[in-house]
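Chain by chain, the residues:
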Amino acid sequence: MSFASELLALRCRSLITTENGGRRPFPLPGDSAHYGRDRLANVRHIRLEIGFDLDARTIAGAVHHTLAPINVGLAAIDFDAAELDIASVSMGGAPLAHRLSGGTLHIEFGRALPVGEEVTLIIAYSGQPRRGFYFNLPDDGYPNRPRQVWTQSQDEDARHWLPCYDFPNQKATTEVVATVPAGWFALSNGVLEERRENGDGTLVYHWRQTVPHVTYLMTLVAGDYVEVPDRLESLPVPYYVPPGREADARRAFGRTPEMIRFFGEKIGVPYPYEKYAQIVVTDFIFGGMENTTATTMTDAILYDERAALDTDRDSLVAHELAHQWFGDLLTCKEWAHAWLNEGFATYFDLLFHEHHKGADAFAYARAANADIYFGEDSGHYRRPIVCNVYNEPIDIFDRHLYEKGSLVLHMLRSVLGDDLWWKAINHYVTKHARNVVATPDLQRAIEEATGRNLDRFFDQWVHHAGHPEYKVSWTWDDAAKLANVTVKQTHRVDDSTMLFSMPILIDFRKGDAVHEFRVTIDQKEQTLHFPLPERPELVRFDPGNHVLKKLDFDKPVDELTHQLARDPDVMGRVAAAKTLGKQGGPRAIEALAAAVRNDAFWGVQAEAAKALGATRSTAARDALIALGDIPHPKARRGVVQALGEFRHDERAADAILPAVRGDASYFVEGSATISLGKTRSARAYDAIAAQFEKPSYNETLRVMACNALAELKEERAIDFLLGWTPYGRPQQVRSAAIAALAALADHFPDHKTRVVERLTELLDDPWLRTRLSAAEGLGKLGDTVALGPLDAYIARELDGRGVRVAREAMAKIREGKGRDEETKKMREDLDKTIADNHELRDRLDKLETLVRPSADGASDRSATERMNA
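Residues numbered from 1 in each chain as written. Predicted model: local features only at pLDDT ≥ 70, side-chain atom pairs only at ≥ 80, totals over all residues. Heavy atoms only, no water.

*Asks:* Describe the packing of aromatic side chains, with residues and values.
*Replies:* Scanning the model with the defined rule gives 45 aromatic pairs in all. Between Phe52 and Trp184, the ring centres sit 5.9 Å apart and the planes meet at 35°, which makes this aromatic pair tilted. Of this pair, Phe52 sits in strand S2 (residues 41-53) while Trp184 sits in the loop between strand S12 (172-181) and strand S13 (185-187), and the two are 132 residues apart along the sequence. Note on Phe52: relative accessible area 18%, which makes it buried. Residue classification places Trp184 among the buried positions, given a relative accessible area of 11%. Consider the rings of Phe133 and Trp161, whose centres lie 6.1 Å apart with planes at 55°: the pair is tilted. Remark: Trp161 occurs in the loop between strand S11 (148-151) and S12 and Phe133 occurs in strand S10 (residues 133-136); sequence separation between them is 28 residues. Among the residues examined, Trp161 registers a relative accessible area of 0% and is labelled buried. (Phe/Tyr/Trp six-rings, centres within 6.5 Å; stacked < 30°, edge-to-face > 60°. Helix = DSSP H or I, 4+ residues; strand = E, 2+ residues; numbered from the N terminus. Buried < 20%, exposed > 50% of the residue type's maximum accessible area, 1.4 Å probe, protein only.)

In structure tokens:
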């Protein structure tokens with residue numbers, strides 16, 4: 001092993017035994033270090049001829065591998081072949097000795113091949129795949145399910161539908177020659193060379209991919225589809241959907257040509273293939289898959305006119321498109337470096353967000369990604385982005401890989417500046433196009449293009465874990481005309497997480513005057529002194545929120561209200577709103593209500609509304625009720641979400657109910673339903689149950705109604721939700737009902753046994769996401785009786801996500817054994833303390849309002865007298 005690989009394994013392994021801040025370590029018992037595979041030959045071309053029996057769920061075909069030895073004396077080669085039957089292997093018309101064992105097909109050439117001699121192996125095979133190649137058929141539970149076949153090979157599932165070298169450090173050109181039923185369409189990689197009718201009720205589609213790619217990017221999707229044509233100049237950009245969904249396709253995919261142009265221009269490398277197609281499938285096991293030139297999408301991406309009011313699917317579309325450069329043209333050579341695929345695609349999704357929706361939306365979306373990552377880092381586990389210790393590769397396709405990876409790239413852009421950033425990205429892509437890459441390739445490319453040394457940056461952000469947590473305060477020295485800013489890094493520093501060194505902008509604002517200072521924060525504690533002409537009205541630490549961090553900035557109410565009203569940085573206004581919500585008080589409530597009503601960006605409106613809800617004061621409630629007519633649906637969603645903070649408050653319930661009965665937005669209506677459940681109003685149950693009668697885009701209303709029942713905490717909801725778990729119910733609702741049942745059974749222990757029994761049964765469900773939800777629910781319930789069923793489920797589950805979720809559930813159950821009553825008592829005590837604190841704050845707020853100075857400096861005596869009366 002190389003030094004770098006050894007160091008990587010040691011860092012990842014250290015997290016097995018080192019827990020940080022109460023987190024569970026990322027590697028679970030039994031996980032081990034994984035390294036790249038040796039390549040004995042260059043596989044230059046793959047030709048796959050394949051057909052299938054839809055009803056029997058079988059495949060049969062022949063795969064032709066054209067390859068050449070890398071080193072002298074190659075006499076045999078191994079391919080991956082999982083659950084396949086090998087009929088024959090030949091080379092040049094002569095049969096070859098072979099054996100299949102443990103998923104490995106060993107082939108003897110019968111002689112030692114010289115270096116570079118090109119040969120073609122033909123492997124005839126058949127199988128009834130349980131992974132990789134999927135059959136959609138109607139059944140009694142889902143009689144309207146369309147008849148389709150589709151493949152999904154990432155990370156290493158290509159071996160389930162063709163014998164191949166199934167690892168991402170090898171690229172080849174490919175052909176797919178697929179025989180499908182008459183009337184069907186078949187999509188694969190590259191250019192359609194031929195469509196031929198066989199005269200026996202079948203068709204042949206012959207696709208050729210001329211730019212080399214890895215085997216997990218090979219694809220085949222076939223079914224009854226219509227094409228919605230689109231293009232960017234001469235580039236075909238078709239969308240394939242079931243008949244009748246053409247308008248939905250234009251809504252979902254319509255900005256694809258603009259995205260292609262934008263990415264090509266910014267990267268400086270035009271879209272590198274002959275077409276870009278997107279096709280939707282039913283019951284897809286991911287959101288999307290970036291198969292080269294032919295992305296597969298879940299049909300949940302299609303949405304109707306009502307949903308279009310306040311949602312789109314640009315993020316998913318842009319993410320999968322960005323992979324055509326980052327993941328397809330350049331591919332991580334081993335899974336430990338998969339952030340080079342996923343982190344880049346996630347960041348380029350954000351970059352299109354910036355291009356299309358503006359700087360405020362871009363900053364807010366970055367902050368949302370940070371919150372997603374923080375949720376995993378704080379509440380689950382912490383690991384380096386580059387980490388090769390896992391059970392299956394899918395284990396590391398997590399929030400560290402995607403969201404944190406994207407934010408590390410943004411910090412690189414911030415550190416380098418736009419000009420050097422795009423110069424470096426162009427150099428990286430140009431240098432490594434059509435090849436495989438690891439993280440050092442990215443670092444070297446950036447250093448070559450910019451002259452910057454990035455060792456420390458990559459060490460602290462990529463090869464170590466965590467992020468800085470800053471506590472900032474400032475004072476003003478009027479005599480010296482100095483602003484004194486103290487910065488502390490308060491996070492735990494250990495082998496996993498470093499003391500960070502980052503350049504950070506600090507600025508000071510008074511009216512239109514701005515004084516900026518870029519400083520390096522690299523100590524545990526440091527106080528910085530800044531000469532200024534006068535005391536500033538506003539001090540900002542990292543304006544723009546470019547550094548991934550948690551920030552506790554101690555400011556008085558005056559500065560916070562000024563910041564909320566006047567800060568040009570959207571995330572500065574959001575931060576001020578959140579802090580004011582924690583501090584509470586009449587001035588905070590007044591400022592927050594003004595922001596909800598007047599801020600130009602919906603995200604600030606929504607965050608200010610939520611901050612009002614966090615105060616749980618009567619004045620805040622009344623302000624929110626008055627703000628229920630906010631026009632922007634996403635801001636209105638924030639208002640109804642905030643009203644849910646007022647438990648057992650019938651005035652809040654009164655304000656929420658009209659939105660539950662119907663709003664122009666699915667998401668406002670669904671959020672109102674959850675909030676109604678949180679109020680615990682006596683009217684809530686019937687109103688929530690009525691939502692289950694409403695069809696909606698992607699089952700939004702029923703899913704949110706399940707969440708509402710979990711919040712409502714009424715015992716009768718358990719039987720109701722159990723009725724939504726059987727096979728045949730909408731899949732999205734089944735998963736939501738399972739999660740709600742786990743929450744309710746934890747609250748009503750008399751029902752825990754029957755819920756555990758039902759979730760245990762669902763570990764055998766045909767639908768993957770139902771099994772995942774059941775395993776996760778069992779982990780939350782913490783009943784040791786589930787350990788045996790979960791262990792048995794792990795042994796038979798083929799999807800790595802299911803295995804990981806079940807292993808985590810078992811670890812959680814073992815850790816929590818015996819703590820149930822203690823945890824429940826602590827939760828009840830916490831709820832009572834919160835309620836008491838908010839009641840006290842409400843009384844103090846009223847008192848402060850009543851004695852608050854009037855415009856002429858006198859107290860409001862009449863208000864005080866009314867209070868005394």
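*Asks:* Account for the pairing of strand S29 (residues 502-510), naming residues and giving values.
*Replies:* Where burial is concerned, most of S29 is hidden: seven out of the nine residues are buried. Hairpin geometry of S29 and strand S30 (residues 513-521) is characterised by an intervening segment of two residues between the two adjacent antiparallel strands and by a positive phi of about 60° at Gly511. Examined bridge by bridge, S29 and strand S32 (residues 538-541) share four bridges and lie antiparallel to one another. The residue of S32 that forms the bridge with Phe508 is Val539. (Pairing = 2+ DSSP bridges.)

*Asks:* Report on the pattern of salt bridges, specifying residues and quantitative values.
*Replies:* Scanning all chains against the criterion turns up 63 salt bridges. Asp157 is the salt-bridge partner of Arg131, the closest N and O atoms lying 2.7 Å from each other. One end of the pair, Arg131, is in the loop between strand S9 (119-127) and S10; the other, Asp157, is in the loop between S11 and S12, and 26 residues separate them in sequence. We classify Arg131 as buried; its relative accessible area is 10%. Relative accessible area serves as the criterion here: at 8%, Asp157 is assigned to the buried category. A salt bridge links Arg621 to Asp622; the shortest N-O distance between them is 2.8 Å. Arg621 sits in the buried class, given a relative accessible area of 9%. Classification of Asp622 as partly exposed rests on a relative accessible area of 30%. Here the residues in one salt-bridge network are Arg37, Asp80, Glu156, Arg159 and Asp166, joined through shared partners. (Salt bridge = Lys/Arg side-chain N within 4 Å of Asp/Glu carboxyl O.)

*Asks:* Could you give an account of the nonpolar core, with specific residues and numbers?
*Replies:* Residues Phe253 and Trp339 are the most contacted members of the largest nonpolar core, which totals 273 residues. Beyond its immediate sequence surroundings of up to four residues, Trp339 is in contact with Phe344, Ile385, Val386, Leu401, Gly405, Val408, Leu409, Thr439, Leu442, Phe458 and Val462. (Core = buried A, V, L, I, M, F, W, Y, C linked by side-chain atoms within 4.5 Å. Contact = heavy atoms within 4.5 Å.)

*Asks:* Please set out the environment of Thr295 residue by residue, giving values where relevant.
*Replies:* Checked against the element boundaries, Thr295 lands in strand S23 (residues 294-298). For Thr295, a relative accessible area of 0% corresponds to the buried category. Once the C-alpha coordinates of Thr295 and Leu217 are considered, the two residues, 78 residues apart in sequence, prove to be 9.4 Å apart. Beyond its immediate sequence surroundings of up to four residues, Thr295 is in contact with Tyr276, Ala277, Gln278, Ile279, Met289, Glu290, Glu320 and Gln324. Only 2.8 Å separates the side chain of Thr295 from the side chain of Tyr276, close enough to count as a polar contact. (Polar contact = N/O pair within 3.5 Å; in protein donor to acceptor, adjacent residues only side chain to side chain.)

*Asks:* Run through unusual backbone geometry, naming residues and quoting values.
*Replies:* The omega torsion across Gln154 and Asp155 is 10°, close enough to zero to call that bond cis. For Arg57, which is not a glycine, the phi torsion comes out positive at approximately 60°. Assignment of secondary structure puts Arg57 in the loop between S2 and strand S3 (58-69). Phi is positive for Thr293, which is not a glycine, with a value near 70°. With respect to the helices, strands and loops of the structure, Thr293 is situated in the loop between strand S22 (288-289) and S23.

*Asks:* Account for the environment of Leu612, naming residues and giving values.
*Replies:* Note on placement: Leu612 falls in helix H14 (residues 602-615). The exposure class assigned to Leu612 is buried, which follows from its relative accessible area of 0%. C-alpha separation for the pair Leu612 and Thr174, spaced 438 residues apart in sequence, amounts to 58 Å.

*Asks:* Could you give an account of the packing of helix H19 (residues 684-691) against helix H20 (residues 700-712), naming the residues involved and the relevant values?
*Replies:* Relative to each other, H19 and H20 sit at 155°, their axes nearing to 8 Å. One way to sum up the angle between H19 and H20 is to call them roughly antiparallel. Relative to H20, the crossing made by H19 is left-handed. The segment H19 lies against H20, with Ala684, Tyr685, Ile688 and Gln691 engaging Leu701, Arg702, Ala705, Ala708, Leu709 and Leu712. Within the contact of H19 with H20, the residues separate by chemical class into eight nonpolar, one polar and one charged. (Axes fitted to C-alpha atoms, helices over the stretch in contact; angles between N-to-C directions. Parallel < 35°, antiparallel > 145°, perpendicular 65-115°, else oblique. Left-handed = near helix turned anticlockwise from the far one by under 90°. Nonpolar A, V, L, I, M, F, W, Y, C, P; charged D, E, K, R; others polar.)

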